[in-house]
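# Structural overview
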Amino acid sequence: MNIFKNIFSRVWQDPNAAEVVKIEMGQLYLVRPGNIRSSRECIYNEAIATIRRVPALEHNFQLVITRVYEDGDQELLEDEDETDEERVFLISEELEFRPGTTDDEPTFIWRDLEGDVDELYEFVASGSNEPTRALFETCMYRAMYERKYKASADDSKDSDLDQFIWQPVTTATKGKGGDRNSPKKNQRGSEHLPVADAAASVQLPSKPAGRSARPSFASSSLPTVTSQEAHVFFWDLEAEGFVAECEEAVVAKIVERTSGDYNYWLIVTDEDGDIVSHKISSDMNPRWAQKTSSLTWNYHNDGRYHSWALQFTSSEAYDAFKRAFAQCQWETLHGIAFQKAKPDEQAYIISSTTEDVEMRDVEHEGEDEEEVESELDPDEASEDEYEYEDEDGVPQLQGERNSQLTIGYKGDRSYVVRGNNIGVFSHSRDDQVKYYATISNISTPKGKEFKPQEVMLHDQDTKMVLMNPLDPHSLFSMDIERGKVVEEWKIHEDINVDHIAPDNKFAQTTREQTLVGASHNALFRVDPRISGNKMVESQYKQYVSKNKFSGVATTASGKLAVASEKGDIRLFDTIGKNAKTALPPLGDPILGIDVTASGRWIVATTKTYLLLIDTLIGEGRYAGNLGFDRSFPANAKPMPRRLQLRSEHVAYMNHDISFSVARFNQGEGQEENAIVTATGQYVIAWDFAKVKKGQLDKYEIKKYEDMVVQDNFKFGDDKQIIVALQNNVLAINKKNLKRPTRTSLAAPRTSLRSRSSIVNTPY
């Protein structure tokens, strides 16, 4: 509790402060363990928990849970005689207050002193971080101390507060009134696998049609790769938890349906035959959890995305099944036997399925207190999202949609490509995004119109480099002030320009004239100042054919990370040489790549997951160097981490996952602390600090009415995200993204405030 020493001096010792500490986001439930019909009733869907001083009564405090109204709710309640806006509890030992966990969410639990003996209140503190919850819990114990001893808790020691920490009754209890924190019947002893309440499952709706229909073929006669005992669960949308599909253990196995073509299927079977039969592919969104020895995945059937889970009966069964699954998935993607991969590549591939492992050299010191203070600071309240407002004289454009977004570095501008037009948007001081101008009818210097395939700001945002799909051997330079393409840069008549990148991470903030280009199998430097072809011959390197490069990113010092459609990643210290590090493909095509300014971290985007890689060499002769400068030892390649959506969240979203290219927040002298991407109608941001600690599912989400084309952080800002929808452009504060729940993943309750979007005024 030493980290709270400075905070207590602010929040506790001021007798004039009515509120001691609060948790800004959560839900309040009333739990009745003995009532099968409504064992867990939601009282407030959104609520704030506060520890408050009792006015004019020294050394007494209250726990106050206040309802937060959603848009429109307040008006609906105005005609009612009574409103239930808050619940107040006098803080004392009798509350039996303690922390807990429900469905992998942190909670606070206390007795309902006015209800039956076994009734409890539960506050799900989903919107807070661990240090804030620890502070809240400690303040509860200090309040109990002061009420009991009628004295200040400022001089109390940690040991003095231990007496108020609730201890469960050790005597065994039978029936439904037992310890509510004990595993439910269908939990199989799992604390982290989100399972629906057993009592609530009595009233569950019938299984959806086709959910567990017996497969059209029998697996018993097919070659089996692995066979392990497990329990099978299905995510029930109404119960909001995994419910057991079968009461008894089942057999989970992988079979090869047709011999020789790497056609593998995941089969779940019982004594009556096959229950589940799903083809193994990346679209399954498989996610492994070692703590619970479980595998979750998605399956699309009858127009819905379902979520399934297997929980293996032993860690040995879990490890064996996970390894076999990884091998079969790799063979499915590559069409060759896993044994043909090199031993170090095999280890790299298997390691990509490992979850919840803390990254090397992650800094912890001082983080917790900063996180707590940021949540307690009222000035850090989340800001609204903004759309640009309608402007007079904006011409109509029919039939086109937004396709690309690029964020300015110097002039507080964003640029959105729409057909052969580019919309220019300004970032105002109050963090709004407003329509500014349109660059219309983009064409070559010879007057031939084209729709840019890729764009990149250049030369302190005074120019924009455009790629013309009709002329892949050239780049085109547009003067942004004039809104006109003024130069054609001929690269080489035999070399296509498929991708471009700045000379270094922050080159666009300088007068640097050169940039990096890539074809499907070559890297080269482009210098527009030289006569003739603009490719620098001495800095051109062609690699083996069919590399299929799919993206290039540069560090602050100009080192390069190059991804390919085959799924491999190469790290270069300079153009014109061989890669220092080549990381083997997992099999899924990489759509784009980004790197931190230091080069320490890489995020590569595939269709269904993000691949995070730490380039720090951890052992061997070159320990402490990055993979850009030295090669990793064959037996110590980095362990790639998959960032993916939980299968139950995909079930609520009910659409195919297809990530846009993920980006770190960036700014000179600014440390990267978030990763942002999008899929369908959703903007998604991962907390990078938590990801580095091994918490790979710490993401927040925001749904829109339109499809998200691209999103990225405003340059030099780790809070404001610029979002380009198909027919709109807006800014959102990262704090407005919500923890994924059934509510936040559902459609918005109200439409966006301004309808003056590109739908009606498309440039």
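Shown above is the structure to which this text applies.
Residues numbered from 1 in each chain as written. Predicted model: local features only at pLDDT ≥ 70, side-chain atom pairs only at ≥ 80, totals over all residues. Heavy atoms only, no water.

## A look at the overall build of the protein chain
- The secondary structure content of the protein chain amounts to nine helices and 43 strands.
- For the protein chain, the residues scored as buried account for 54% of the 763 residues in total.
- Across the protein chain, contacts joining residues at least 24 apart in sequence account for 58% of those joining residues at least 6 apart.
- Accessible area for the protein chain stands at about 33900 Å²; split by element, carbon and sulfur atoms hold 44% of it. (Helix = DSSP H or I, 4+ residues; strand = E, 2+ residues; numbered from the N terminus. Buried < 20%, exposed > 50% of the residue type's maximum accessible area, 1.4 Å probe, protein only. Contact = heavy atoms within 4.5 Å. Areas by Shrake-Rupley, 256 points an atom, 1.4 Å probe, with all protein chains shown as cover.)

## Examining the side chain of Thr 444
- Its place among the elements puts Thr 444 in the loop between β20 (433-439) and β21 (454-458).
- Discounting residues that sit within four places of it in the chain, Thr 444 has contacts with Phe 450, Asn 468 and Phe 476.

## Here we look at the packing of aromatic side chains
- On inspection of all chains with the given rule, the structure shows 27 aromatic pairs.
- Ring pairing ties together the aromatic residues Phe 89, Phe 97, Phe 108, Trp 110, Tyr 121, Phe 136 and Tyr 141, which thus form one cluster.
- Over the face of the ring belonging to Trp 265 we find Arg 257, whose NZ or CZ atom lies 4.9 Å from the ring centre.
- In this structure, Lys 702 packs its charged tip against the face of Tyr 704, placed 5.9 Å from the ring centre. (Phe/Tyr/Trp six-rings, centres within 6.5 Å; stacked < 30°, edge-to-face > 60°. Lys NZ or Arg CZ within 6 Å of the ring centre and 35° of its normal.)

## Notes on the pattern of salt bridges
- On inspection of all chains with the given rule, the structure shows 28 salt bridges.
- The closest approach of N and O atoms between Lys 22 and Glu 19, which form a salt bridge, is 3.2 Å.
- Look at Lys 22 and you get partly exposed, because its relative accessible area is 24%.
- With its nearest N and O atoms 3.0 Å apart, the salt bridge here joins Lys 451 to Glu 400. Pair noted here: Lys 451 is in the loop between β20 and β21 and Glu 400 is in the loop between β16 (386-387) and β17 (402-407), with a separation of 51 residues, a long-range link.
- Judged by relative accessible area, Lys 451 falls into the partly exposed class, the value being 46%.
- For Glu 400, a relative accessible area of 23% translates into the label partly exposed.
- One continuous salt-bridge network, built from bridges that share partners, spans Asp 104, Arg 287, Arg 646, Glu 648 and Asp 697. (Salt bridge = Lys/Arg side-chain N within 4 Å of Asp/Glu carboxyl O.)

## Some thoughts on helix α3 (residues 130-149)
- The terminal C-alpha atoms of α3 lie 29 Å apart, and with 20 residues this matches the ideal 28 Å at 1.5 Å per residue to within 8%.
- In terms of burial, α3 is a largely internal element, 15 of the 20 residues being buried.
- Where α3 ends, the next residue or the one after it, Lys 150, has phi of about 50 degrees, a positive value. (Expected span 1.5 Å × (residues − 1).)

## With respect to the sheet that holds strand β6 (residues 105-111)
- Taken in spatial order, the seven strands of this open sheet run β4-β3-β2-β1-β7-β6-β5, and their pairing is antiparallel. In this open sheet, the two edge strands, each paired with only one partner strand, are β4 (86-90) and β5 (98-102). Adjacent strand axes in the sheet meet at a mean angle of 35 degrees, parallel and antiparallel pairs treated alike.
- When strand β3 (residues 61-67) meets β4, the two strands line up antiparallel, connected through five bridges. Across the sheet, the residue bridging to Val 64 is Val 88, located in β4. (Pairing = 2+ DSSP bridges. Axes fitted to C-alpha atoms, helices over the stretch in contact; angles between N-to-C directions.)

## Details of the pairing of strand β43 (residues 728-733)
- The element β43 is largely enclosed, with a buried count of six among its six residues.
- Residues Asn 728, Leu 730 and Ile 732 point to one face of β43 and Val 729, Ala 731 and Asn 733 to the other, with burial holding for every one of them.
- The turn linking strand β42 (residues 720-725) back onto β43 is made up of two residues.

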